[in-house]
Amino acid sequence: MRRLLVVAGLLVGLMLVAAVAPTSPDAKAANGIKVLAKSGWQQTSLYVGKGTKYKVRYDAGDWTVDYRNFDYVGPQGYPPSTDSQIYQGCKLNSNWPYARLLGKVGKNGPLFSVGGKSFSNRGDVRTYTARKKGVLYLRIHDANSCLGDNGGSISVSVAKKRAGVKIRLPLERIWREPDSAAYKNHCGPGATQVALDARLPAAQVPSIDTLANPTVPHRTRWLSSFDFRHLAT
Ligand SMILES: [Ca+2]
C-alpha cells in the first residue's frame, strides 16, 4: 500500500512537473525584418513597454555606406582601419563605426548600438530591456544626408519576452524524477491542474489554457530534473 502511494505520488508529481512550465519564450516575434542601407530610421513591428525584455537576432545580409569605395560589411560596421578612411562628417555618434546597426525605442528615444563584436555573425542575438515604452526602430550608422551612395540591407528578427506564469511553490523548488518514459505526462493539462490545485492556493493555480500553451517547453517530456525556482515569485 505504501509503495502504491509512493508511485501515485510520483505520478502526480510527474504530471505536475511535466506540464507546468516556466515562461514561454516569445510572446511575439517578427522575422525577416529587412533594414535597408539607403533608408534612415525604419520602424519595426515590435512595440515594447517600459522594462520589457526583447531581443534582436542577426539573420543575414550586409551593407555599405559607399558602394563605390568601401566593402559590404555586417551589422558590426567597419573595422577601425577602414572606418578611419571614410569621411567622418556623416556620423551620428563618433564612438561608433560607419555601417553599425543602430536602434532606438520610440521616435525620440536615445540611440544605441545593436551591432558590435557580439553581433557580427549570423545567428548572434542581443537582449535588451526597454528603458521606455515605444516602437523599436533600426537603421544603418550613416546620416540621412549621406544615404544615397549606400547599398545592401541587414535582415534581423525581433522578439519580445513574455512575463510568463508566476506561482509560488510552498514546498520543493526542484523536483527530481527518474529519467524514464514511465514518467512522461500522458494526462494532459487537466491532470496537471488537478495536481497543482492540491498544493497551491486556488488563486495561484494556472488556467488550463496556460498549462496547455504549446509554446511552453517541457510540457510532454519526461523529467530527470526540473527546476521550479524560476517559477517562484
Ligand atoms: Ca553613405
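A quick note: this is a predicted structure, and the numbers were derived from the prediction, not measured. (Residues numbered from 1 in each chain as written. Predicted model: local features only at pLDDT ≥ 70, side-chain atom pairs only at ≥ 80, totals over all residues.)

## Looking at the overall build of the chain
Note the threshold: The way it works is that DSSP assigns letters per residue, a run of H or I at least four long becomes a helix, a run of E at least two long becomes a strand, and they are numbered from the N terminus. Three exposure classes are used. Buried residues have 20 or more other C-beta atoms within 10 Å of their own C-beta, exposed residues have 12 or fewer, and partly exposed residues fall in between, all C-beta atoms being placed from the backbone. Here, residue contact means that the backbone-derived C-beta atoms of the two residues sit within 7 Å.
The number of helices and strands found in the chain is four helices and 10 strands. Residues classed as buried in the chain amount to 28% of the 233 residues present. Look at the contacts in the chain between residues 6 or more apart in sequence, and 80% of them connect residues 24 or more apart.

## Describing the sheet that holds strand S5 (residues 112–113)
Where strands meet in a sheet, backbone hydrogen bonds hold them as pairs that are either parallel or antiparallel. Worth spelling out the cut-off: Only strands joined by at least two bridges in the DSSP assignment are considered to pair.
Sheet architecture is open: four strands sit in the order S2-S7-S4-S5, paired in antiparallel fashion. The open sheet has two edge strands with one neighbour each: strand S2 (42–48) and S5. One ladder, built from five bridges, connects strand S4 (residues 101–105) with strand S7 (residues 134–140); its direction is antiparallel. Residue pairing for S7: Val105 is matched across the bridge by Leu136.

## Some thoughts on unusual backbone geometry
Phi at Ala99 is positive, roughly 70°, even though this residue is not glycine. Judged by the 30 C-beta atoms lying within 10 Å of it, Ala99 falls in the buried class.

## Comments concerning the environment of Ser157
Mapped onto the fold, Ser157 is located in strand S8 (residues 151–160). Residue Ser157 is classed as partly exposed on the basis of its 18 C-beta neighbours within 10 Å. Through-space distance from the C-alpha of Ser157 to that of Asp59 is 6.9 Å; in sequence the pair is 98 residues apart.

## A word on the pairing of strand S3 (residues 53–64)
Across five bridges, S3 lies against strand S6 (residues 125–129) in antiparallel orientation. Its bridge partner being in S6, Arg57 is matched across the sheet by Val125.

## Comments concerning the environment of Asn108
Inspection of the secondary structure assignment puts Asn108 in the loop between S4 and S5. Considering only alpha carbons, one finds Asn108 and Gly134, 26 residues apart in sequence, at a separation of 9.5 Å.

## Regarding the nonpolar core
In plain terms, the rule: When buried Ala, Val, Leu, Ile, Met, Phe, Trp, Tyr and Cys residues are joined through C-beta atoms within 7 Å, the set is termed a nonpolar core.
Of all hydrophobic cores here, the largest spans 28 residues; its most connected members are Leu138, Val156 and Val158. Setting aside its immediate chain neighbours within four residues, Val158 contacts Ala30, Ile33, Thr44, Leu46, Tyr54, Val56 and Leu136.

## Concerning the confidence of the model for the chain
Heads up, the rule is: Along the chain, pLDDT gives the predictor's confidence residue by residue, from 0 to 100.
When pLDDT is averaged along the chain, the result is 78, and 63% of the positions lie at 70 or above. Every residue in residues 4–27 scores below 50 in pLDDT, and together they form 61 contacts with partners more than four places removed in sequence or on other chains. The model gives residues 217–233 a pLDDT under 50, and that stretch makes 48 contacts with residues more than four places away or in other chains.

## Here we look at the environment of Phe70
Here Phe70 lies in the loop between S3 and helix H2 (80–83). The partly exposed category is assigned to Phe70, around which 19 C-beta atoms lie within 10 Å. With 15 residues separating them along the chain, Phe70 and Gln85 place their C-alpha atoms 9.4 Å apart. Among residues more than four places away in sequence, those in contact with Phe70 are Thr64, Val65, Thr82 and Ile86.

## Side note on the pairing of S7
Most of S7 is tucked away: five of the seven residues are buried. Where S2 and S7 come together, four bridges link them in antiparallel fashion. Directly across from Val48, in S7, lies its bridge partner Gly134.

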